[in-house]
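Commentary on secondary and tertiary structure
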Amino acid sequence: MKTSYILPLLCCFYPASAISQSPNITNYLTIEYHNSIKAYDTKLEKCQQTVIVITPDDVKHISDDWNVLSSVLSYHYAKTQDLCTHDELQRFTLLSAKLQALKDSDKTMLDKYNQLIMAIPLTFERTKADYFILPEDIREQFSSLEKLNKPFNLMKTMENFE
């Protein structure tokens with residue numbers, strides 16, 4: 001008999017409770033979302049602050065064709081940046097999806113931030129197209145170079161190839 005009284009009360013009060021908490025949930029997720037952007041940015045900066053530089057001597061035994069080298073350097077740079085920030089990007093993506101699902105979230109702000117943050121993972125995807133048309137044996141040789149499998153300084157690397 002007691003459950004017959006509790007069930008209507010739950011149905012009555014739960015929706016009101018959920019509605020009153022919605023702004024709190026949105027605020028909390030928005031704060032966490034912005035924190036995830038900061039964490040991603042901080043990690044990306046850390047990943048880019050490396051002394052590792054690729055030189056022509058590191059790769060000339062595989063290829064000295066600039067078209068091949070630019071494709072390889074672009075791909076491996078984007079790949080290492082993507083791998084380095086994977087956890088932060090995953091958290092950002094999860095929070096973004098949660099905020100997108102809420103009715104009272106700022107969709108315009110989310111779209112702008114999402115476009116900015118997703119630029120690196122999308123660059124990685126675009127570089128794959130150029131990289132994977134290279135012959136497999138060439139890709140395997142480049143992939144076996146330790147320097148290419150760690151974050152490297154792209155600007156200083158490019159200066160070496162001028």
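Note: the structure precedes this text.
Before going into details, it helps to say that this report is about the structure given with it. (Residues numbered from 1 in each chain as written. Predicted model: local features only at pLDDT ≥ 70, side-chain atom pairs only at ≥ 80, totals over all residues. Heavy atoms only, no water.)

Time to look at the overall build of the protein chain. Helices and strands together make up the secondary structure of the protein chain, namely eight helices and zero strands. Secondary structure elements of the protein chain, listed N to C terminal, follow the sequence α-α-α-α-α-α-α-α. Sequence-distant contacts, at least 24 apart, represent 87% of the contacts inside the protein chain between residues at least 6 apart. A total accessible area of about 10,600 Å² is found for the protein chain, and carbon and sulfur atoms account for 60% of it. (Helix = DSSP H or I, 4+ residues; strand = E, 2+ residues; numbered from the N terminus. Contact = heavy atoms within 4.5 Å. Areas by Shrake-Rupley, 256 points an atom, 1.4 Å probe, with all protein chains shown as cover.)

This paragraph deals with the nonpolar core. With 19 residues, the main nonpolar core has V59, V72, F142 and L148 as its most contacted residues. Of all the secondary structure elements, the ones that give two or more residues to this core are helix 3 (66-84), helix 6 (119-131) and helix 7 (136-143). Top contributing element to this core by residue count: helix 3, with seven residues. Excluding residues that lie within four positions of it along the chain, F142 makes contacts with V59, I62, S63, V68, L69, V72, H76, Y131 and L148. Judged by nonpolar contacts, the second largest core, of 13 residues, contains Y33, L95, L99 and L110. (Core = buried A, V, L, I, M, F, W, Y, C linked by side-chain atoms within 4.5 Å. Buried < 20%, exposed > 50% of the residue type's maximum accessible area, 1.4 Å probe, protein only.)

Taken as a whole and assessed by the stated rule, the structure comprises eight aromatic pairs. Measuring from ring centre to ring centre gives 6.3 Å for Y33 and Y113, while their planes differ by 70°; the resulting arrangement is edge-to-face. On the criterion of sequence distance, the pair formed by Y33 in helix 1 (residues 2-48) and Y113 in helix 5 (residues 107-117) is long-range, its members being 80 residues apart. Relative accessible area serves as the criterion here: at 31%, Y113 is assigned to the partly exposed category. In this structure an aromatic cluster arises from ring pairing among Y75, F124, Y131 and F132. (Phe/Tyr/Trp six-rings, centres within 6.5 Å; stacked < 30°, edge-to-face > 60°.)

In this section: the pattern of salt bridges. The final tally for this structure, using the stated rule, is six salt bridges. E32 is the salt-bridge partner of R91, the closest N and O atoms lying 2.5 Å from each other. With R91 in helix 4 (residues 86-101) and E32 in helix 1, the pair connects residues that are 59 residues apart, well separated along the chain. Taking relative accessible area as the criterion, R91 reaches 38% and is therefore assigned partly exposed. Note that E88 and K43 form a salt bridge whose closest N and O atoms lie 3.7 Å from each other. Taken as a pair, E88 in helix 4 and K43 in helix 1 lie far apart in primary sequence, 45 residues in all. We classify E88 as buried; its relative accessible area is 18%. (Salt bridge = Lys/Arg side-chain N within 4 Å of Asp/Glu carboxyl O.)

Listed in full, the buried residues belonging to helix 5 are M109, L110, N114 and I117. Down the axis of helix 5, the buried side of the element spans an arc of 125°, and every buried residue falls inside it. Every exposed residue of helix 5 that faces more than 90 degrees away from the buried side is listed here: K112, Q115 and L116. For helix 5, the capping residue at the N-terminal end is D106, with a side-chain oxygen 3.3 Å from the backbone nitrogen of T108. (Arc of directions from axis to C-beta. Polar contact = N/O pair within 3.5 Å; in protein donor to acceptor, adjacent residues only side chain to side chain.)

Bringing the state of the cysteines into the picture now. Here, the word disulfide means a covalent bond between the sulfur atoms of two cysteines. Inspection of the entire model under this criterion finds one disulfide. The residue that forms a disulfide with C47 is C84, at a sulfur-sulfur distance of 1.7 Å. In this structure, the disulfide formed by C47 and C84 twists by about -80° around the S-S bond and is classed as left-handed. Here C84 lies in helix 3 and C47 lies in helix 1, a separation of 37 residues in the sequence. In this structure, C47 and C84 share a single accessibility class: buried. (Disulfide = S-S within 2.5 Å.)

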